[in-house]
Amino acid sequence: MMSAPNYSSSHPAVFILVGIPGMEKSHIWISIPFCLMYIVALLGNSVLLVTIVKERSLHEPMYILLCMLAVCDLLLSTATVPKTLGVLWSISTKISFSGCLAQMFSIYFIFVAESAILLAMAFDRYIAICDPLRYRATLTCSAIAKVGAAALIRSFCIMFPAIFLLKRLPYCGHNIMPHTYCEHIGVARLACADITINIWYGVTVAFLSAGLDVISITISYMLILRSLRGLPSPRASPKALQTCGSHLCVIAMFYTPAFFSFLAHRFGQHIPRHVLISLANLYVVVPPMLNPIVYGVRTRNIRERVARLLLPEHGMKRQIYLILTDYEYNFETNISFLSWVKESRISGIGKAVGTETAVLGPCERTGLTFHVGVVGLGAKP
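Below is a summary of the structure that appears in this document. Position labels on residues start from 1 in each chain and follow its written sequence. With pLDDT at 70 or above as the cut-off, local features in this predicted model cover only qualifying residues; side-chain atom pairs require 80 or more to be listed or tallied, and sums for whole chains, interfaces and linings still use all residues. Calculated side-chain values reflect all of the structure's heavy atoms, with hydrogen atoms and water omitted.

## Considering the overall build of the protein chain
So, point 1. Regarding its fold elements, the protein chain presents 13 helices and seven strands.
So, point 2. Each residue is placed in one exposure class: buried if its accessible area under a 1.4 Å probe, protein chains only, is under 20% of its type's maximum, exposed if it is over 50%, and partly exposed if it falls in between. Per-residue burial over the protein chain gives 45% buried out of 381 residues.
So, point 3. Note on definitions: a residue-residue contact is assigned when non-hydrogen atoms from the two residues lie within 4.5 Å. Within the protein chain, counting contacts between residues at least 6 apart in sequence, those at least 24 apart form 77% of the total.
So, point 4. Computed by Shrake-Rupley with a 1.4 Å probe, the accessible areas treat only the displayed protein chains as cover when residues are assessed. Surface summary for the protein chain: the accessible area is close to 20,000 Å², and the carbon and sulfur share equals 66%. The secondary structure listing takes helices from DSSP runs of H or I that are at least 4 residues long and strands from runs of E that are at least 2 residues long, numbered from the N terminus.

## A short note on the nonpolar core
So, point 1. One finds Phe15, Met159 and Tyr171 to be the most contacted residues of the largest nonpolar core, which totals 75 residues.
So, point 2. Top contributing element to this core by residue count: helix α3 (residues 97–130), with 18 residues.
So, point 3. Once you skip the residues sitting within four places of it in the chain, methionine 159 turns out to touch Phe105, Tyr108, Phe109, Val112, Tyr201 and Val205.
So, point 4. Here the nonpolar core consists of buried residues drawn from Ala, Val, Leu, Ile, Met, Phe, Trp, Tyr and Cys, with membership extended through side-chain atoms lying within 4.5 Å. Counting residues in hydrophobic clusters, the runner-up holds 12 residues, among them Met37, Tyr38, Ile277 and Met289.

## Some remarks on the state of the cysteines
So, point 1. Disulfide assignment relies on a single distance test, namely cysteine sulfur atoms paired within 2.5 Å. Under the defined criterion, the tally for this structure stands at two disulfides.
So, point 2. Put simply, cysteine 100 and cysteine 182 are joined by a disulfide, and their sulfur atoms are 2.0 Å apart. On the S-S bond that ties cysteine 100 to cysteine 182, the torsion sits near -125 degrees, and the link is left-handed. Remark: cysteine 182 occurs in the loop between β3 (176–177) and α6 (184–188) and cysteine 100 occurs in helix α3; sequence separation between them is 82 residues.
So, point 3. Looking at cysteine 182, the relative accessible area reads 0%, which means it is buried.
So, point 4. Each disulfide pairs two cysteine sulfurs, and for cysteine 172 the partner residue is cysteine 192, the sulfurs being separated by 1.7 Å. On the sign convention where negative means left-handed, the S-S torsion of about 70 degrees between cysteine 172 and cysteine 192 marks this disulfide as right-handed. Taken together, the residues span a long stretch of sequence, with cysteine 172 in the loop between α5 (141–167) and β3 and cysteine 192 in the loop between α6 and α7 (196–229) at a distance of 20 residues.
So, point 5. For cysteine 172, a relative accessible area of 49% puts it in the partly exposed group.
So, point 6. Take cysteine 192: its relative accessible area is 33%, and that puts it in the partly exposed class.
So, point 7. Counting only the cysteines that form disulfides, in the order they appear in the protein chain, gives the pairing 1-3, 2-4.

## So, α5
So, point 1. What a helix is expected to span follows from its residue count: subtract one and scale by 1.5 Å. Between its first and last C-alpha atoms α5 spans 40 Å; for 27 residues at 1.5 Å apiece the expected length is 39 Å, and the two agree.
So, point 2. Along α5, the residues classified as buried are Ile144, Gly148, Ala151, Ser155, Ile158, Met159, Ala162, Ile163, Leu165 and Leu166.
So, point 3. In this fold, the buried residues of α5 make contact with α2 (61–88), α3, α6 and α7.

## A short note on the packing of aromatic side chains
So, point 1. Here is the rule: rings of Phe, Tyr and Trp (six-membered ring for Trp) pair when centre to centre is within 6.5 Å. Planes less than 30 degrees apart are stacked, more than 60 are edge-to-face, and the remainder are tilted. All told, the structure shown has 12 aromatic pairs when counted by the stated rule.
So, point 2. Judged by centre distance (5.8 Å) and plane angle (40 degrees), the rings of phenylalanine 15 and phenylalanine 97 are tilted. Residue phenylalanine 15 is located in strand β1 (residues 14–17), and its partner phenylalanine 97 is located in helix α3; the two are separated by 82 residues in the primary sequence. Neither phenylalanine 15 nor phenylalanine 97 differs from the other in exposure class; each is buried.
So, point 3. On the basis of an interplanar angle of 25 degrees and a centroid distance of 5.6 Å, the ring pair of phenylalanine 105 and phenylalanine 109 is categorised as stacked. Taken as a pair, phenylalanine 105 and phenylalanine 109 lie in helix α3 at a separation of four residues, close to a single helical turn.
So, point 4. We classify phenylalanine 105 as buried; its relative accessible area is 17%.
So, point 5. One aromatic cluster is present, formed by Phe105, Phe109, Phe156, Phe160 and Phe164 through successive ring pairs.

## As for the pairing of β1
So, point 1. Only one face of β1 is buried, namely the one carrying Phe15 and Leu17, since none of Val14 and Ile16 on the opposite face is buried.
So, point 2. Two strands make a pair as long as DSSP finds a minimum of two bridges between them. Here three bridges tie β1 to strand β2 (residues 94–96), and the two strands are oriented antiparallel to one another. Opposite isoleucine 16, over in β2, you have lysine 94 as the bridge partner.
So, point 3. Alignment of β1 against β3, held across two bridges, turns out to be parallel. Paired with isoleucine 16 across the bridge in β3 is isoleucine 176.

## Some details on the sheet that holds β2
So, point 1. Sheet architecture is open: three strands sit in the order β2-β1-β3, paired in mixed fashion. Each having just a single partner strand, β2 and β3 make up the two edges of the open sheet.
So, point 2. Here α3 sits on the sheet and contacts β1, β2 and β3; the angle it forms with β2, its principal contact strand, is near 90 degrees. Orientation is described by axes fitted as lines to C-alpha atoms, over the contacting stretch for helices, and by angles from 0 to 180 degrees between their N-to-C directions.

## Here we look at the packing of α2 against helix α10 (residues 286–298)
So, point 1. The N-to-C vectors of α2 and α10 enclose an angle of 155 degrees; their axes lie 9 Å apart at closest approach. As judged from the angle between their axes, α2 and α10 are roughly antiparallel. As α2 runs across α10, the sense of the crossing is left-handed. Residues Leu66, Leu69, Asp73 and Ser77 of α2 form the contact with α10, whose participating residues are Pro287, Pro288, Asn291 and Tyr295. Should an angle fall under 35 degrees it is called roughly parallel, over 145 degrees roughly antiparallel, and 65 to 115 degrees roughly perpendicular, with every other angle called oblique. Note: crossing handedness is left-handed where the near helix turns anticlockwise from the far helix by less than a right angle, and right-handed where it turns clockwise.

These figures capture arrangement, not role.
Encoded structure:
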């Protein structure tokens, strides 16, 4: 009587990652842009996180979701790029079987969670544009926390079976992986057994996570467009769509390379392997690098807060100018501002309503409200 094969003993102790097949001589040069993109991703997302956390005015649903997106970007790139650079630099080409499964799980877990966050951001834009009166009542802090928890739970439930689907396979000593990090289908193809279940599992997971999310995001924006068509003011539609522009750019950058890589790995038998591996590396570093740049450039609130964070003196002067020229200023309720003016010796002369004149600096508490126009601001000593 033949005994059943001992699958557990057939697991390789380590996998050897060979990098990008056919381009071994260019690994050093390829690593340079990857390293630079990773540094930009770390700096950009870190600045975005610090800015949102420190600025209380940004503690709103849209920016909290953006904060979650930045965390996912940091984790996704950090789970892959350091090991990729180690492989390209020939510093560390080995990874243990357990470490490979952990890396694979982390990558897909974060990817599915980030997809859910992008869906939540689309819902945020839908409520803000189509039902603005209920925005704050619907998207409360507790609701955002539940969205984050649901994204994590869904990611775990979807990706946890992948570990067992790979552990059940015999590998017959095959441990040379033509890749820079561990992917589910890449590991499964090293097995000396039928991997049909793994292939269909990957297709099902892609549809139940990113596929359904993309469909839901598309429906959200169709409803937004339909709502904008009914607005009485023709100028309102472009302004409302501007608030969605950053989100649409991030969606395109996130899903396009990911779906192409997924489909090419499973159905693109005639696509060169070095193209597939290069694309798989790009979709884990390019979106994390570009997301904070897109939101920083297109979102004025973030752009101004980042400027205040990096250049506090410039930011304070700009804030004073905006306050004095755009709003009514009440000297009784803004004593802290007057204190700052006194300490900084700013010589600003303002023209009040009527014939009164307010001198900013040694000003007493008058309790009066002036419409002030700035004549000049002096520099800090």
